[in-house]
Every structure is written in C-alpha cells, then in structure tokens.
There are 2 protein chains.
Amino acid sequence: MDQPRQKSPSRIQRQNRKRILDAALDTFSQHGYRGATLDQIAEAAGLSKPNILYYFTGKEDIHVTLLNRLMLTWLEPLERMEADGEPLEELLDYIRRKLKMSRDFPRESRLFANEILQGAPRMAPHLETGLKPLFDRKCQLIAGWVSAGRIAPVDPGHLIVSIWATTQHYADFEAQLAVLMPDRDAQWQSAQAHLEAMFRKLLTP
Amino acid sequence: MDQPRQKSPSRIQRQNRKRILDAALDTFSQHGYRGATLDQIAEAAGLSKPNILYYFTGKEDIHVTLLNRLMLTWLEPLERMEADGEPLEELLDYIRRKLKMSRDFPRESRLFANEILQGAPRMAPHLETGLKPLFDRKCQLIAGWVSAGRIAPVDPGHLIVSIWATTQHYADFEAQLAVLMPDRDAQWQSAQAHLEAMFRKLLTP
DNA sequence: CCGCTTTTTTACCATTTGGTAAAGTCACGA
DNA sequence: TCGTGACTTTACCAAATGGTAAAAAAGCGG
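Residues numbered from 1 in each chain as written. Chains lettered and ligands numbered in written order. Predicted model: local features only at pLDDT ≥ 70, side-chain atom pairs only at ≥ 80, totals over all residues. Heavy atoms only, no water.

1. Points about the side chain of H194 of chain B
Examined against the element boundaries, H194 of chain B turns out to sit in helix α10 (residues 184-203). If near-sequence neighbours (up to four positions away) are discounted, H194 of chain B is found in contact with V154, H158, L159, S162 and L202 of chain A. (Helix = DSSP H or I, 4+ residues; strand = E, 2+ residues; numbered from the N terminus. Contact = heavy atoms within 4.5 Å.)

2. Quick look at the relation of the copies chain A and chain B
Least-squares fitting of chain A to chain B yields an RMSD of 0.0 Å, with the superposition described by an axial translation of 0.0 Å and a rotation of 180°. Viewed as a symmetry operation, the transformation between the two copies matches a two-fold axis. In terms of C-alpha distance to the rotation axis, chain A has G35 of chain A as its closest residue, with the C-alpha 2.0 Å off the axis. Comparing interface residues between copies, 100% of those in chain A also sit at the interface in chain B, which points to an isologous, same-surface contact. (Least-squares fit on C-alpha atoms with pLDDT ≥ 70 in both.)

3. Section: the pattern of salt bridges
Residue and element names in this part refer to chain A. Under the definition given, this model contains 30 salt bridges over all chains. Measuring nitrogen to oxygen at the nearest pair gives 4.0 Å for the salt bridge that ties E89 to R200. Here E89, found in helix α5 (residues 87-104), pairs with R200, found in helix α10 (residues 184-203); they are 111 residues apart in sequence, far enough to count as distant. When its relative accessible area of 33% is taken as the criterion, E89 is described as partly exposed. Two residues, K132 and D136, come together in a salt bridge whose shortest N-O distance is 3.0 Å. One end of the pair, K132, and the other, D136, are both in helix α7 (residues 124-147), four residues apart, so they sit about a helical turn from each other. Residue K132 is classed as buried on the basis of its relative accessible area, which comes to 18%. (Salt bridge = Lys/Arg side-chain N within 4 Å of Asp/Glu carboxyl O. Buried < 20%, exposed > 50% of the residue type's maximum accessible area, 1.4 Å probe, protein only.)

4. Some thoughts on the interface of chain A and chain B
Tallying the contact residues gives 53 residues for chain A and 53 residues for chain B. Contact between chain A and chain B buries roughly 4600 Å² in total, counting both sides, with carbon and sulfur atoms accounting for 69%. Counting every contact that joins chain A to chain B gives zero salt bridges. Our count for the chain A to chain B interface comes out at 20 residue pairs in polar contact (both at pLDDT 80 or more). Among the elements of the structure, α1 (11-35), α6 (106-117), α7, α8 (156-172), α9 (174-180) and α10 of chain A are those that each provide at least two residues to the side of chain A that touches chain B. Ranked by residue count, the leading element in the side of chain A that touches chain B is α8 of chain A, at twelve residues. (Buried area = accessible area lost by both parts, 1.4 Å probe. Polar contact = N/O pair within 3.5 Å; in protein donor to acceptor, adjacent residues only side chain to side chain.)

5. Observations regarding the domain arrangement of chain A
Residue and element names in this part refer to chain A. Each assigned domain of chain A is listed with its residue range as follows: domain 1 (10-56) and domain 2 (63-203). Taking the mean C-alpha position of each, domain 1 and domain 2 sit 28 Å from one another. On the side of domain 2, eleven residues touch domain 1, which itself brings twelve residues to the contact. At the boundary of domain 1 with domain 2, total buried surface from both sides reaches about 1100 Å², with 64% on carbon and sulfur atoms. On inspection of domain 1 and its partner domain 2, the count reaches two salt bridges. D26 is the partner of R107 in a salt bridge, and the nearest nitrogen-oxygen pair spans 2.8 Å. Seen at the junction of domain 1 and domain 2, the total is three residue pairs in polar contact (both at pLDDT 80 or more). Its residues placed into classes, the side of domain 1 that touches domain 2 shows six nonpolar, three polar and three charged. (Domains from an automatic or database assignment. Nonpolar A, V, L, I, M, F, W, Y, C, P; charged D, E, K, R; others polar.)

6. With respect to the nonpolar core
Residues I142 and F199 of chain A together with F199 of chain B are the most contacted members of the largest nonpolar core, which totals 133 residues. Considering each element in turn, this core owes the most residues, nine residues, to α7 of chain A. Those residues in contact with I142 of chain A that sit more than four places away from it in its chain are M81, L91, I151, V154, P156, L159 and I160 of chain A. (Core = buried A, V, L, I, M, F, W, Y, C linked by side-chain atoms within 4.5 Å.)

7. As for the protein's contact with DNA strand D
Near DNA strand D there are 19 residues, and of these S10, Q13 and Y55 of chain A together with L38 and K49 of chain B occur at the shortest range. Within the backbone of L38 of chain B, one N or O atom sits 2.7 Å away from a phosphate oxygen of DNA strand D. Elements with a contribution of two residues or more to the surface near DNA strand D: α1 and α3 (49-55) of chain A together with α3 (49-55) of chain B. Across the surface near DNA strand D, the residue classes break down as eight nonpolar, seven polar and four charged. (Near = heavy atom within 4 Å.)

8. Some thoughts on unusual backbone geometry
A positive phi angle is found at A120 of chain A, which is not glycine, with a value near 55°. For A120 of chain A, a relative accessible area of 3% translates into the label buried.

9. Considering the protein's contact with DNA strand C
Around DNA strand C sit 19 residues, and of these L38 and K49 of chain A together with S10, Q13 and Y55 of chain B come closest. The protein-proximal atoms of DNA strand C, defined as those within 4 Å of the protein, are 57% sugar or phosphate. Contacts to DNA strand C include K59 of chain A, whose backbone N or O atom sits 2.8 Å from a phosphate oxygen. Note that a phosphate oxygen of DNA strand C is positioned 3.0 Å from one of the side-chain N or O atoms of N16 of chain B. At the level of secondary structure, the elements contributing two or more residues to the surface near DNA strand C comprise α3 of chain A together with α1 (11-35) and α3 of chain B. The residue inventory of the surface near DNA strand C, partitioned by class, reads eight nonpolar, seven polar and four charged.

10. Details of helix α2 (residues 38-45) of chain B
Residue and element names in this part refer to chain B. Among the residues making up α2, those that are buried are L38, I41, A42 and A45. What you see down the axis of α2 is that its buried residues fit within an arc of 100°, all on one side. Away from its buried face, by an angle of more than 90 degrees, α2 presents the exposed residues E43 and A44. Next to the buried residues of α2 lie α1, α3 and α4 (59-79). Phi turns positive, to about 75°, at G46, one or two residues after α2. (Arc of directions from axis to C-beta.)

11. Some words on α8 of chain A
All names here are of chain A. Relative to the 24 Å expected for 17 residues at 1.5 Å per residue, α8 spans 23 Å between its end C-alpha atoms, a close match to the ideal helical length. Counting buried positions along α8 gives 17 out of 17 residues, so the element sits mostly inside the fold. Of the residues flanking the start of α8, the one acting as N-cap is D155, its side-chain oxygen 3.0 Å from the backbone nitrogen of G157. (Expected span 1.5 Å × (residues − 1).)

Pasting the structure below:
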C-alpha cells in the first residue's frame with residue numbers, strides 16, 4: 001500500500017542512518033529530548049535537515065530508535081549473570097562488565113539517564129516489559145544465593161540498584177568527576193578496584 | 001547609576017520571585033536548561049511570561065539563581081562531616097543526611113544531575129571554587145582516618161563518589177525505581193538500611 | 001482621595017524549531 | 001548510455017520561543 005519498506009536497505013541507507021543515529025546520540029545524550037534540535041543533529045551528521053527527515057519520520061522516531069537499540073545492549077550484562085558459577089564471582093563480573101560499559105559507552109549511559117530524569121516518557125513500556133522482568137528474575141537469583149548462604153544477606157533489589165548507581169555514575173557525572181579527579185587515566189582502574197573491594201566486602205558471608 | 005537595586009524587596013517581590021523559582025525548579029529539573037521553556041515556567045507559576053521577565057532578566061538568570069541557591073544546601077551535609085566524632089559514625093551520618101536530601105529535595109537533585117549531564121556549562125565555576133576545595137578537604141580528612149587505622153583502608157575520593165552515586169540515584173532515577181520497586185513507602189527505609197549496612201561493612205576495619 | 005511607584009497586561013517581534021513540497025541530482029541495472 | 005528509482009537540495013511554513021515596549025492597573029504613603 002504505502003511504503004513497501006524495502007527488504008534490503010542500500011549501502012547509502014545503512015551509512016546515513018548510522019551517521020544520523022550517531023549524531024543524534026551525541027545530541028540527545030547531552031541535551032535530552034526536548035533540548036536537542038534537528039538542526040544540531042543534522043549539522044553533527046553532516047546532512048541537511050530535510051535529508052534527515054528522509055531517513056526518519058521525525059525527531060521522535062530517531063529518539064525511539066536510539067532507545068530501542070540501547071535496551072538491547074543495556075540489559076545484556078545483567079542477563080549474563082547466571083546461576084552457573086560462584087555467586088560472588090558472578091556478581092563481581094557483572095560489576096566489571098557494567099563499569100566497562102560506562103567507560104566504553106558513556107553517551108548511551110547519559111541518553112538513558114536523561115530519559116529517566118525526564119520521567120521516562122518514551123521508555124516506560126521498555127522498562128515495564130524489558131527491564132522489570134529481568135530485574136525480578138535476577139533478584140530471585142540473588143535471593144536464592146542469599147538463602148543458600150552463598151553470599152552475605154543483602155536486599156537483592158537494592159544491591160542491583162547500588163551497582164547501577166555506582167557504575168553509571170562514572171559516565172553520567174563525568175563532567176563533575178573531571179573537576180574533582182582530574183587524572184582521568186588512572187581513574188578507571190582505581191574505580192574498578194574500589195568497587196570490587198566494596199562489593200566484595202558487602203557480599204562475602 | 002542604573003538600577004539602585006532596592007535595599008528591601010517588597011512583599012510582592014519576595015512572594016513572586018519565590019513562586020517563579022519554585023515553578024522553574026519543577027521545569028528545569030525535569031527538562032534541563034534547553035528543554036525548559038519560559039511559557040512552561042510562567043504557567044506553572046501562574047504568572048504571565050512578561051511578568052516573569054519583570055522579576056528576572058532572562059531564562060538564564062532564573063537558572064543561575066537556582067544553581068546558586070542549590071550549591072549552598074547541597075554542600076552543607078558534607079561540610080558537617082567533621083573530625084570531631086567517631087569516623088565511622090561521621091560517615092554514616094553523612095550518608096543518612098545525603099539520603100534524606102534525596103528524599104526531601106528530589107527536584108534539586110535532578111536539577112543538579114541535569115546540569116552535570118549536560119556538561120555543567122553553567123556550573124563549572126561553582127564546581128571549581130565551591131565543590132572542589134570541600135571535596136579535597138574531606139578526602140584528606142578521610143585519608144587521615146584511614147592512616148590512623150580508624151576505618152578500613154579505602155580510596156577517599158571513590159568513597160565519596162560512591163556515597164553520592166548511591167544516595168542521589170534514589171532521587172534522580174525515581175522514574176525507573178517506581179517501575180522496579182512499586183512499593184515506594186517502604187523503599188526509603190529499606191534503602192537506608194541497605195546503604196548503612198553496605199558502607200558499614202566497607203568501612204569497618 | 002491623590003499622586004507616585006510598583007506590578008501586570010496587551011500587543012508585538014525576530015529567531016528558532018519541527019516538518020513539508022517539490023524540484024533537482026545521483027547511481028546503477030538493462 | 002539512458003531511464004528509473006533512490007537520494008538531496010531548495011524553498012518554504014506554521015507554531016513555538018525568548019524577549020521587548022508601552023499602556024493599564026494595583027498598591028500605598030500622605
């Protein structure tokens with residue numbers, strides 16, 4: 001009927017959509033949804049504004065696309081925490097993966113933070129259907145470890161929240177940390193050591 | 001010469017400025033600087049836009065006024081952590097005060113978070129002259145406690161950052177927590193218990 | 001109640017913003 | 001190489017946005 005929605009996007013399609021999304025990630029993660037403008041995104045992408053609207057139906061479309069992509073990579077580190085291994089090592093591995101994501105994908109972290117700060121208007125469904133079930137599942141996993149005496153007694157929900165808070169903080173509050181801890185190179189190493197020590201102490205029975 | 005800058009603001013002045021700042025706090029904390037509009041602020045304040053510009057010279061003036069106010073109350077809990085008492089209790093008290101601020105002033109927390117997320121363009125001076133010296137001082141205080149063996153060895157800077165991260169998270173990511181932990185009433189209590197237990201374990205020698 | 005100051009409203013304005021129409025230009029298979 | 005569909009540009013537009021000028025309305029001390 002309307003748009004046959006091409007089965008295979010052309011090389012140009014792929015390339016330009018990627019450039020737009022990358023530019024939009026810069027812009028949205030810095031200014032939030034309302035604070036970002038299509039002109040900014042267009043300039044950062046090196047394309048004209050109407051050209052951007054050739055690839056996406058509108059500002060919201062770009063933002064939603066970014067959020068959809070984000071959720072995939074965002075949940076993955078937590079998903080990989082499983083019942084298989086030693087509980088303490090599973091949790092510490094999760095913390096390491098999460099901190100690494102803050103270092104490698106700070107823009108994604110800030111995009112997420114912005115969206116939540118603004119009340120998650122465009123992400124409530126994702127939270128409900130994507131994050132919540134995973135969160136509940138992992139809470140039960142941790143609760144199992146606790147009741148089996150394999151880690152120290154701890155509130156599973158607040159434990160996960162503390163892990164999120166401490167790891168994401170290094171990405172989201174980078175501008176503040178740049179003032180307080182100017183030596184950024186050594187920072188990631190000492191941050192990892194600190195978090196590892198802190199959660200190891202908390203979780204060791 | 002220009003404006004004699006009234007020595008005593010009238011009752012109406014005080015009242016309306018307060019209403020404007022309160023409305024602006026709502027708006028800026030939710031949408032960030034660029035995402036907030038004067039019309040929104042005006043409507044929330046119940047005043048006309050030109051009337052708002054009678055009390056403040058512009059959008060930025062309102063924002064800067066809010067940030068100035070914020071820094072005063074924001075640094076106070078950390079300032080109150082002193083060398084007098086028992087180190088562990090001083091730190092745990094600080095954590096309690098900080099968590100209480102997240103509960104009582106979530107808008108202020110989000111205003112701060114928004115500003116930092118956006119690269120702290122209007123707050124870099126405050127960070128440098130207000131926060132940084134205080135941070136360094138308290139790091140030294142903690143380092144002294146560590147080397148005296150009065151608390152467990154810990155990186156003072158990362159300790160403070162972890163306290164900020166975990167406590168502020170409950171205000172800044174409230175929209176996410178509302179989905180994951182719907183029972184908000186009991187949440188603050190269990191959050192405090194969790195944080196207290198966590199940092200007590202970390203800091204006990 | 002008067003006159004003067006403070007406060008508020010009305011009517012604007014230039015710029016920015018998200019978005020569209022339509023005319024071009026490009027790329028690539030026949 | 002030429003036609004056709006994919007891509008890009010130019011020229012717009014209506015609404016929103018930050019801000020201003022000046023008239024109107026309140027306050028208020030005397």
